[in-house]
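# Chains, contacts and geometry: an overview
Okay, here's what each chain looks like letter by letter:
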Amino acid sequence: MKKQDLLAAFAAKFNGEKGAVYASPGRINLIGEHTDYNGGFVFPGAVEQGIMAVIRPNGTDTVRAYSMDLDDYAEWAVNDAKGPEATCFRFVYGVARELIERGVEVKGFNTVFAGDVPLGAGMSSSAALESCFAYGLNDLFHGSVTRWDMVLAGQATEHKYIGCNCGIMDQFASVFGQAGKLMRLDCRSREFEYFPFDPKGYKLVLVNSCVKHELAGSPYNDRRRSCENVVAAIQALHPERKIETLRDCTWEDLEAVKGTCSAEDIKRAKYVLGEKDRVLAVCDALNRGDYEEVGKQMYLTHEGLSKDYEVSCEELDFLNDIAKECGVTGSRIMGGGFGGCTINLVKDELYDAFVKRAVEAFEAKYHVTPKIIDVVIGDGSRKID
Ligand code: GLA
């Protein structure tokens, strides 16, 4: 996406005006899926693709917004109780409201925005949009919220205005990302560290099945509920302990509530406990430079997401099988699931053969060409000069 095109669109829409330009990225996640809302660890990084917005305060209380990608325009009063209907504008509306709640004096503004992070691909296009406006509006209206406040404003937007009870990973990765580095975040304490990620001899590549996922109102919230049911059952058994999330639960705890919880809830909690162990195994492996072990854990995550957590789909399982057949080091569903991408850790010498085979086999079976996205770890939310 080019800054010049966005500025030209802004000028065309708003009487030749100029505005400030902000950008926020989508993300990948190496491992730690559906662990964020369970108080666990995640391992994301920002990507080069993202959302860019031109924004200019307009001296009124009205927001005038144009989405270039959807060719859609909306206006609403900043303090309107309901806000716009179209989802893409609800993100902008929600973030502005959440910033106001956090003390930023957001007034009316004109904006044009566009992105190159594929929608519904599990790369967090929505978090990119939220973070772009959280960062930009805080800057333009002289707010003093921290990057963490921006993350929380984005997450609250999902919860309150979109209907997706997401965790914190996507907004965190979008706001805090740094080029060339993954981040290991403890979602309970919110402590994190940057991990330079440059696996010599391997590439990270996404294969987008182009099955669009929509997390709002989806089984995503059901998965979260299953985890909470199990937590409540374990807490009831152990009033002497403080059990907030599955992070606080052991395999023995899970065993003990097998009779009280539904088999489905138990299966889902089993995936989460397994993923907690896998993230730690991957951290150790990365410290040793053992990418074969990282890959093994990725396959195990896929299996858990597919069989126990049940957030895969036929197309993603097919792509995972192809990766295995081609000898790819690691492959799994990335993000919320129900469609979108697989993330693949591939040896340099296998890359061409894998990509060719994945595209051809997928086309032959589903008559859709999957999109190949080479991962470049980029920067988080920022102003573009
Ligand atoms: C979506 C959510 C995140 C996280 C992932 C799964 O991307 O927005 O909070 O739960 O799914 O790891």
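Each remark here, short or long, concerns the structure printed above.
Values in this document were obtained by computation on a predicted structure and should not be read as measured data.

## Looking at the site of the ligand
Near the ligand you find 13 residues, and of these Glu 33, His 34, Asp 36, Asp 170 and Tyr 220 are the closest. Gly 336 places a polar main-chain atom, nitrogen or oxygen, 3.3 Å from an oxygen atom of the ligand. Within the complex, the protein chains bury 97% of what would otherwise be the 310 Å² of accessible surface of the ligand. Class assignment for the residues of the shell around the ligand results in five nonpolar, four polar and four charged.

## A look at the pairing of strand E4 (residues 62-67)
The sheet contact formed by E4 and strand E5 (residues 72-77) spans six bridges and is antiparallel. Pairing of Ser 67 across the sheet is with Asp 72, part of E5. Between the end of E4 and the start of E5, which pair antiparallel, lie four residues, with Asp 71 showing a positive phi angle near 50°. The sheet contact formed by E4 and strand E6 (residues 109-115) spans five bridges and is parallel. Within E6, the residue paired with Arg 64 across the bridge is Asn 110.

## Here's the deal with the sheet that holds E5
The strand order across the open sheet formed by six strands is E5-E4-E6-E3-E1-E13, and the pairing between neighbours is mixed. The open sheet terminates on both sides in strands that have one partner only, identified here as E5 and strand E13 (382-384). Between one strand axis and the next, the sheet turns through 25° on average, direction left out of account. Summarising the sheet, strand E3 (residues 44-57) and E6 pair through seven bridges and their orientation is antiparallel. Residue pairing for E6: Ile 55 is matched across the bridge by Thr 111.

## Things to note about the sheet that holds strand E2 (residues 41-42)
Taken in spatial order, the three strands of this open sheet run E2-E7-E8, and their pairing is antiparallel. Each edge of the open sheet carries a strand with a single partner, namely E2 and strand E8 (192-196). In this sheet, strand E7 (residues 181-186) lies alongside E2 in antiparallel orientation, the contact comprising two bridges. Bridged to Phe 41 within E7 is Asp 186.

## Focus: the packing of helix H9 (residues 291-308) against helix H10 (residues 314-325)
It is the contact of H9 with H10, at a shortest axis distance of 11 Å, that shows an interaxial angle of 155°. With respect to H10, the axis of H9 lies roughly antiparallel. Between H9 and H10 lies a crossing of left-handed hand. Contacts from Tyr 299, His 302 and Ser 306 of H9 reach H10 at Leu 316, Asp 317, Asn 320, Ala 323 and Lys 324. Residues that form the contact of H9 with H10 fall into these classes: three nonpolar, three polar and two charged.

Each value, and the rule that gives it
Residues numbered from 1 in each chain as written. Predicted model: local features only at pLDDT ≥ 70, side-chain atom pairs only at ≥ 80, totals over all residues. Heavy atoms only, no water. Near = heavy atom within 4 Å. Polar contact = N/O pair within 3.5 Å; in protein donor to acceptor, adjacent residues only side chain to side chain. Areas by Shrake-Rupley, 256 points an atom, 1.4 Å probe, with all protein chains shown as cover. Nonpolar A, V, L, I, M, F, W, Y, C, P; charged D, E, K, R; others polar. Pairing = 2+ DSSP bridges. Helix = DSSP H or I, 4+ residues; strand = E, 2+ residues; numbered from the N terminus. Axes fitted to C-alpha atoms, helices over the stretch in contact; angles between N-to-C directions. Parallel < 35°, antiparallel > 145°, perpendicular 65-115°, else oblique. Left-handed = near helix turned anticlockwise from the far one by under 90°. Contact = heavy atoms within 4.5 Å.

Remember that the coordinates give geometry; whether it matters functionally is a separate question.
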